[in-house]
Amino acid sequence: MKNCYYCNGKKVRYLRDLELKITIRCEKCGAEIATPYMTEDSARGYWNMKQAALERANKHKKEAAAS
């Protein structure tokens, strides 16, 4: 599982809402990602996908600022 984009934290907590969907929260900085999934495995994949999207967006910002 990828580390948190914001703080590089490794520990996360899985929380379920009333509809049993999982929200993943970083225990270090409190960043949350609400997932549309009900299983931890699918939610973990969604977390990884969102963290990678944040990393790509930041990379594109840096490249645009450099040029």
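Residues numbered from 1 in each chain as written. Predicted model: local features only at pLDDT ≥ 70, side-chain atom pairs only at ≥ 80, totals over all residues. Heavy atoms only, no water.

Draft legend 1. Broad picture of the pairing of strand E2 (residues 22-26). Of all 5 residues making up E2, 4 are buried, and the element is well covered by its neighbours. Taking the residues between adjacent antiparallel strands as the criterion, strand E1 (residues 12-16) and E2 are bridged by 5 residues, where Leu20 takes a positive phi near 70°. Relative to strand E3 (residues 32-34), E2 runs antiparallel, the two being bridged by 3 bridges. If you follow Arg25 over to E3, its bridge partner there is Glu32. Hairpin connection from E2 to E3: 5 residues lie between these consecutive antiparallel strands, with Gly30 at a positive phi of about 85°. (Buried < 20%, exposed > 50% of the residue type's maximum accessible area, 1.4 Å probe, protein only. Helix = DSSP H or I, 4+ residues; strand = E, 2+ residues; numbered from the N terminus. Pairing = 2+ DSSP bridges.)

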